[in-house]
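Fold and contact review
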Amino acid sequence: ILPPDEMAGRGQGETAQLRQNLEEQLTRLLTQLQDLEDNKQDLEEEEYAETKQETLEQLKEFEASLRRMTDGDVTLVDEIGGMQLAIQAAVANAFKTPEIIKLFALQQPEQLRAKLATLRRDTKLGKAEAGATQQMLEILAALKKLGEEMSEEDRAFLEAHMSQEMAAFEAVEDADR
């Protein structure tokens, strides 16, 4: 029988490796989605739609795999649950920006806030790219789901620009992950 301090360390390396592998797989799928969006104009409409659908199917399969894991391994529940929420948002079309989905899935609120600040600055300067409002909405919804503090201004913006898909995503309870 191992001493308690050695027992506590068992499985930590395996858990860290599994988490890294899951993050890499999620990053690969979200990068694939981003590349598809970036090259949309270079693809035939049918090819674009088919490739996007295949990627979303892979995300659904990945999410189902995560669900099976969380049913059996409580040490990964919180981390995998965050990934599941991000995948649900992508598949439900609540989030349309792969970069934001990725930051949300990897639970990186600081990077989300930095992106939000950049979008706000560009908007004030009149240099905002098309879709900046959608991206700000996605970031705020992600920050809210991550349990981050929201200013009154942020809550008002979120409420004013909420899409039907985003409202459905907002309604997803953490228990349903």
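As a reminder, the structure under discussion sits directly above these lines.
Residues numbered from 1 in each chain as written. Predicted model: local features only at pLDDT ≥ 70, side-chain atom pairs only at ≥ 80, totals over all residues. Heavy atoms only, no water.

**Comments concerning the overall build of the protein chain**
- Scanning the protein chain for helices and strands turns up nine helices and zero strands.
- The order of helices and strands in the protein chain, counted from the N terminus, is α-α-α-α-α-α-α-α-α.
- Nonlocal contacts in the protein chain, meaning residues at least 24 apart in sequence, comprise 65% of its contacts between residues at least 6 apart.
- With an accessible surface of roughly 10500 Å², the protein chain has 48% of that area assigned to carbon and sulfur atoms. (Helix = DSSP H or I, 4+ residues; strand = E, 2+ residues; numbered from the N terminus. Contact = heavy atoms within 4.5 Å. Areas by Shrake-Rupley, 256 points an atom, 1.4 Å probe, with all protein chains shown as cover.)

**Brief notes about a negative patch on the surface**
- Where like charges cluster on the molecular surface, the negative patch consists of Glu44, Glu45, Glu46, Glu47, Glu50 and Glu54.
- Summarising the element assignment, Glu44 is placed in the loop between helix H2 (12-38) and helix H3 (45-72).
- By relative accessible area, which is 59% here, Glu44 ends up exposed. (Patch = residues over 30% accessible without salt bridge, like charges linked within 9 Å, V, L, I, M, F, W, Y side chains within 5 Å. Salt bridge = Lys/Arg side-chain N within 4 Å of Asp/Glu carboxyl O. Lys, Arg positive; Asp, Glu negative; His and termini not counted. Charge placed at Lys NZ, Arg CZ, Asp CG, Glu CD. Buried < 20%, exposed > 50% of the residue type's maximum accessible area, 1.4 Å probe, protein only.)

**Comments concerning the packing of helix H5 (residues 98-105) against helix H6 (residues 109-124)**
- As a packed pair, H5 and H6 sit with axes 8 Å apart at the nearest point and diverge in direction by 150°. Put simply, H5 runs roughly antiparallel to H6. Every pair of crossing elements has a handedness; the one defined by H5 and H6 is left-handed. Contacts from Glu99, Ile100, Leu103 and Phe104 of H5 reach H6 at Gln111, Leu112 and Lys115.
- Looking at the contact of H5 with H6 residue by residue, the class counts come to four nonpolar, one polar and two charged. (Axes fitted to C-alpha atoms, helices over the stretch in contact; angles between N-to-C directions. Parallel < 35°, antiparallel > 145°, perpendicular 65-115°, else oblique. Left-handed = near helix turned anticlockwise from the far one by under 90°. Nonpolar A, V, L, I, M, F, W, Y, C, P; charged D, E, K, R; others polar.)

**Remarks on the nonpolar core**
- Grouped together as the largest cluster of nonpolar side chains are 17 residues, with contacts concentrated most on Leu112, Ile139, Leu140 and Leu158.
- Sorting the residues of this core by element identifies H5, H6, helix H7 (132-145) and helix H8 (152-161) as the ones contributing at least two each.
- Excluding residues that lie within four positions of it along the chain, Ile139 makes contacts with Ile100, Leu112, Lys115, Leu116 and Leu119.
- Counting 12 residues, the second-largest nonpolar core is a separate cluster that includes Leu26, Phe62, Ile87 and Ala105. (Core = buried A, V, L, I, M, F, W, Y, C linked by side-chain atoms within 4.5 Å.)

The values are spatial; any link to function lies outside them.
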